[in-house]
Amino acid sequence: MKEERLTVSKIRSGTVIDHIPAGKALHVLRILGITGSEGYRTAVLMNVESRKLGRKDIVKIEHKKLGEDETNLLALIAPTATINIVEGYEIVEKRRVRIPERIRRLLTCPNPTCITRSSREDVVTSFKLVSRDPVILQCEYCGTMVRGEELENLLTK
Ligand code: CTP
Ligand code: ZN
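What counts and what doesn't
Residues numbered from 1 in each chain as written. Chains lettered and ligands numbered in written order. Predicted model: local features only at pLDDT ≥ 70, side-chain atom pairs only at ≥ 80, totals over all residues. Heavy atoms only, no water. Near = heavy atom within 4 Å. Polar contact = N/O pair within 3.5 Å; in protein donor to acceptor, adjacent residues only side chain to side chain. Helix = DSSP H or I, 4+ residues; strand = E, 2+ residues; numbered from the N terminus. Core = buried A, V, L, I, M, F, W, Y, C linked by side-chain atoms within 4.5 Å. Buried < 20%, exposed > 50% of the residue type's maximum accessible area, 1.4 Å probe, protein only. Domains from an automatic or database assignment. Contact = heavy atoms within 4.5 Å. Buried area = accessible area lost by both parts, 1.4 Å probe. Salt bridge = Lys/Arg side-chain N within 4 Å of Asp/Glu carboxyl O. Nonpolar A, V, L, I, M, F, W, Y, C, P; charged D, E, K, R; others polar.

Moving on: the site of ligand 1. Residues in close proximity to ligand 1 total 13 residues, the closest being Ile 11, His 19, Lys 60, Tyr 89 and Lys 94. One of the backbone N or O atoms of Ile 11 is found 2.8 Å from a nitrogen atom in ligand 1. Here His 19 contributes a side-chain N or O atom positioned 3.3 Å from an oxygen atom of ligand 1. For the shell around ligand 1, the secondary-structure elements that each account for two or more residues are β1 (14-21), β4 (82-87) and β5 (90-96).

So this is what it looks like as structure tokens:
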């Protein structure tokens, strides 16, 4: 039987983010700060078949080679993601993602009285990684603990 698949061209250079949990591709773009207006030719595939994950999302960004500091943030919502850096149609680097020890700016503190939520103060949020499994972060200003499941609702951008 002929395999049915949604085919999207290989890219010549750039970054392919593969093995994203199904349905999380738009969160991935948001964490990377990609809105579409930067002009990168970008393919977003959602809910495609995967042997490892059942279903998965894939994001391909042409001509943009994402660095480790950027892609490690993806571990917050897409811990299974693999990052493929492509040059001349070949994968020149393949890496996993890992939550960094400190996360600045990306997340809003859920505590409404936290100093980072005050409109009069110009304080950038900062969370410290307390535990990887299960994922637990802590606001460095007010001490509020945040669990992994809460993170996608706390994304600032
Ligand atoms: N890819 C691409 N353009 C290229 C090379 C690869 O878009 N020039 C994409 C592939 O379509 C795939 C991903 O990058 O979605 C990873 O490619 P590859 O390592 O060849 O696939 P797998 O071996 O299946 O990856 P893994 O071992 O990570 O499962
Ligand atoms: Zn706080």
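Okay, back to it.
A few words now on the nonpolar core. A general feature of soluble globular proteins is that nonpolar side chains tend to end up buried together. Counting residues in each nonpolar core, the largest one holds 35 residues, and the members touching the most others are Ile 17, Val 28 and Leu 107. Elements that contribute at least two residues to this core include exactly β1, α1 (25-32), β3 (54-62), β4, β7 (126-131) and β8 (136-139). Of all the elements, α1 adds the most residues to this core, at five residues. When residues of this core are sorted by domain, at least three fall in each of domain 1 (14-96) and domain 2 (102-154). Excluding anything up to four places from it in sequence, Val 28 contacts Ile 17, Ile 20, Val 59, Leu 74, Ile 77 and Ala 78.

Attention now moves to the domain arrangement of the chain. Quite often, the size of an interface is put as the accessible area lost when its parts meet. The domain architecture assigned to the chain consists of domain 1 (14-96) and domain 2 (102-154). Here the C-alpha centroids of domain 1 and domain 2 sit 24 Å apart. On the side of domain 2, six residues touch domain 1, which itself brings six residues to the contact. Where domain 1 abuts domain 2, roughly 570 Å² becomes buried across the two surfaces, and 70% of that area is made up of carbon and sulfur atoms. Here domain 1 and domain 2 share one salt bridge between them. Notably, a salt bridge pairs Lys 24 with Glu 152, separated by 2.5 Å at the nearest N-O pair. For the interface between domain 1 and domain 2, the tally reads two residue pairs in polar contact (both at pLDDT 80 or more). Its residues placed into classes, the side of domain 1 that touches domain 2 shows four nonpolar, one polar and one charged.

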